[in-house]
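Coordinate analysis (summary)
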Amino acid sequence: MSDTILCLREVTMEIKKKLKELLHKGQEPKIVYYPEFDSEEDLTNHYFRACWYFPAVNNHCAGVHMYKKAGISLGERPKHMGSSNVPVDHIKIRTDALRLKKDAESARVVLVWKKCDGHFISSLKQRGITVVNVDTNDEEAVEYGRYCDLIWRYFKSDEEKKMIIQDSYNRFIKYADKIKEKGWKTGCVFGTGPSLETAEEFDFTDCVSIVCNSIVQNDKLLSHIKPQFVTAGDVVSHLGVSLYAETFRRDLVSYLKNSEAYYLTTAPFGYLLLEQCSEIADKVILVEQIMDAPNFDLIRFFGLPKLDSTFNIHMLPLVHTFCDNIFILGCDGKSKTRNNEDFWAHAQEAQYFELVQTGHICHPTFDINRKKSTYNRYQDSVLYSVMEGEKKYGKKYYTLQQSYIDALEDKRLPDELRKNYNEKGQLILSQVLGGQKEKEENEAEIKENIKITREKDQILVSGWVLSKQPCRVAVYVQDRFDGYAVRNLKRPDIQKKYPEYDDLFSGIYYYINRKDMSEVTWKIIVGMEIMKEAKQSV
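Conventions and cut-offs
- Residues numbered from 1 in each chain as written.
- Predicted model: local features only at pLDDT ≥ 70, side-chain atom pairs only at ≥ 80, totals over all residues.
- Heavy atoms only, no water.
- Pairing = 2+ DSSP bridges.
- Helix = DSSP H or I, 4+ residues; strand = E, 2+ residues; numbered from the N terminus.
- Axes fitted to C-alpha atoms, helices over the stretch in contact; angles between N-to-C directions.
- Contact = heavy atoms within 4.5 Å.
- Core = buried A, V, L, I, M, F, W, Y, C linked by side-chain atoms within 4.5 Å.
- Buried < 20%, exposed > 50% of the residue type's maximum accessible area, 1.4 Å probe, protein only.
- Phe/Tyr/Trp six-rings, centres within 6.5 Å; stacked < 30°, edge-to-face > 60°.
- Lys NZ or Arg CZ within 6 Å of the ring centre and 35° of its normal.

Quick word on the sheet that holds strand 19 (residues 472-477)
Taking strand neighbours across the sheet as the criterion, the four strands line up as 20-19-23-24 in an open arrangement whose pairing is antiparallel. Every interior strand has two partners, whereas the edge strands, strand 20 (480-484) and strand 24 (529-537), have only one. Geometrically, the sheet is characterised by an average inter-axis angle of 25° between neighbouring strands, direction not taken into account. Across eight bridges, the pairing between strand 23 (residues 519-526) and strand 24 is antiparallel. Residue Ile-525 lies in a different strand from strand 24, and its bridge partner there is Ile-530. Helix 7 (residues 158-181) rests against strand 19 and strand 20 of the sheet, and its axis sits at about 105° to strand 20.

Quick look at the environment of Tyr-262
Looking at where Tyr-262 falls in the secondary structure, it is placed in strand 10 (residues 262-266). In the structure, Tyr-262 is positioned 18 residues away from Ile-280 in sequence and 9.2 Å away in space, judged by C-alpha atoms. Beyond its immediate sequence surroundings of up to four residues, Tyr-262 is in contact with Arg-171, Tyr-175, Gln-228, Phe-229, Val-230, Leu-256, Asp-282, Lys-283 and Ile-285.

Points about the nonpolar core
Within the largest apolar cluster, 131 residues are counted, with the highest numbers of intra-cluster contacts made by Phe-54, Leu-111, Phe-172, Phe-229, Phe-311 and Leu-429. The dominant element in this core, judged by the number of residues it contributes, is helix 7, at eight residues. Dropping the residues within four chain positions of it, Phe-229 is found in contact with Phe-172, Tyr-175, Ile-179, Ser-209, Ile-210, Val-211, Ala-261, Tyr-262, Ile-285, Leu-318 and Phe-322. Counting residues in each nonpolar core, the second largest holds 19 residues, with Val-461, Val-465, Met-517 and Val-526 among its members.

What to know about the environment of Ala-350
Within the secondary structure, Ala-350 sits in the loop between strand 14 (325-329) and helix 12 (356-362). Judged by relative accessible area, Ala-350 falls into the buried class, the value being 1%. Linking Ala-350 and Leu-196, residues 154 residues apart in sequence, is a C-alpha distance of 8.3 Å. Those residues in contact with Ala-350 that lie beyond four places of it in its chain are Thr-192, Leu-196, Ser-214, Ile-215 and Gln-217.

Side note on the side chain of His-363
Its location among the elements puts His-363 in the loop between helix 12 and helix 13 (366-393). In this structure His-363 touches Arg-49, Tyr-53, Glu-143, Tyr-144, Val-236 and Val-241, once residues within four positions along its chain are discounted.

A few points about the sheet that holds strand 17 (residues 446-455)
Reading across the sheet, the four strands line up as 17-18-22-21 and stay open at both edges, with antiparallel pairing between neighbours. What marks the edges here is a single partner per strand, and that holds for strand 17 and strand 21 (486-489). The average undirected angle you get between the axes of adjacent strands in this sheet is 30°. The strands touched by helix 7 are strand 18 (458-467), strand 21 and strand 22 (507-512); relative to strand 22, the strand with the most contacts, the crossing angle is about 95°.

A few points about the packing of aromatic side chains
Enumeration according to the criterion identifies 26 aromatic pairs in this entry. Pairing Tyr-47 with Phe-48 gives two aromatic rings, centres 5.0 Å apart and planes at 90°, and the pair type is edge-to-face. There is no split in this pair, since Tyr-47 and Phe-48 are both buried. Taken together, the ring pairs in this structure connect Tyr-169, Phe-172, Tyr-175, Phe-229, Tyr-262, Phe-302 and Phe-322 into an aromatic cluster. Over the aromatic face of Phe-120 sits the side chain of Lys-101, whose NZ or CZ is 4.9 Å from the ring centroid.

Set out below in structure tokens:
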């Protein structure tokens with residue numbers, strides 16, 4: 001029965017693939033702006049956005065076409081905008097207005113930069129052409145999000161995306177294993193709130209530490225914390241086109257190149273860094289936001305939750321993966337003593353105060369949209385993550401200073417636990433709570449359906465795996481280890497068939513792009529023990 005379901009699933013995927021090909025038939029891999037630009041300000045505004053957001057290399061983006069009225073010239077790059085690090089000669093500015101509609105009718109994506117001819121836009125959609133609203137003054141457009149994920153969404157195939165995620169997963173596993181070998185039991189996460197200024201009061205030695213956002217500018221603080229991971233994923237402040245975002249990326253690149261830390265972020269937005277900042281590509285870990293609930297083990301399920309803020313999306317899944325005892329500093333919420341200058345207060349050396357306005361100028365609707373409900377969503381996300389961690393997974397959360405976030409307000413580390421200090425008078429956090437409790441071992445019953453298929457010069461290992469204990473699927477080529485399969489595909493059919501596992505994301509994949517292979521082996525490993533394995537000639 002499971003083989004029949006798997007076969008039907010494959011047929012469905014193939015049909016979707018063919019439909020997508022038919023939909024794109026006659027389309028060229030290009031982006032066309034519509035309508036024509038009638039002012040230097042608007043042309044310049046969108047041209048320099050395109051320079052950052054639409055790198056052509058590795059992305060099947062043959063061109064970006066912008067049309068302008070006669071007499072309109074391209075201005076200099078605005079001072080509030082950053083620059084591209086890659087060539088932009090695929091971005092063309094044309095004056096033949098009669099050619100514009102024909103060009104749009106053969107494009108893969110048409111970007112509407114202001115309200116215009118609704119009838120023509122409807123006709124484009126009927127042709128199967130993707131139309132995206134990028135009007136920077138339209139609150140509903142959310143242009144800062146639409147621009148940021150456009151290349152990933154429309155110019156990377158599903159297979160290419162999976163291979164990028166596969167590389168990130170194996171990069172993460174390799175680094176995670178090194179961290180686990182150290183036996184550290186304590187985790188620390190750092191926000192940018194005012195209490196971050198008290199970090200010198202604590203000793204973070206032998207802790208898994210995760211910093212975020214503009215903390216990367218503070219060399220002294222980074223030297224003290226020595227974080228294993230940096231996280232950030234804001235489409236305006238970190239991955240956008242503003243001078244603020246460019247400054248953040250400059251400091252991020254510098255820190256990653258001069259430390260052992262890795263940067264983890266959301267794939268559709270963070271992908272731009274692989275192209276625009278290729279010198280740190282081997283230090284970037286991309287993960288997709290695919291889970292409705294918090295994730296407590298990124299090794300087991302390589303996916304991020306659809307929650308709010310880097311604290312819930314990136315930092316907590318990371319620290320949950322390694323530790324049960326979690327200390328929090330700089331996640332203060334709205335301050336009761338300081339000016340909440342940009343959503344909430346920040347530590348003095350963890351914010352580019354003089355550049356905040358460049359983000360608002362670049363994205364005039366961002367602050368309007370954020371103020372509608374973002375803080376409440378953030379509060380709800382923290383509450384959800386912490387309650388799940390405490391009740392289902394035995395996690396313990398302590399703030400090192402007072403927090404005004406609802407879920408953390410009563411979690412300040414009690415004075416009676418502040419006992420062990422080093423010679424500098426700093427509280428040694430790794431000695432506060434001792435070791436974490438041993439996990440209860442479930443039976444290592446494994447269910448799986450894994451197959452190996454060849455298509456031209458590529459091999460795909462795919463199927464599904466269920467286990468009540470954390471497991472990995474190792475792949476070997478010619479009896480030599482090649483990598484680990486990613487486990488993050490939704491399989492509601494398998495969840496329904498085996499409800500006792502309560503596992504929606506049991507689907508796996510692993511791509512092998514090599515010609516010199518005749519045998520592929522997969523092994524399901526729990527801890528250090530091989531539970532199941534199979535070898536197949538290909």
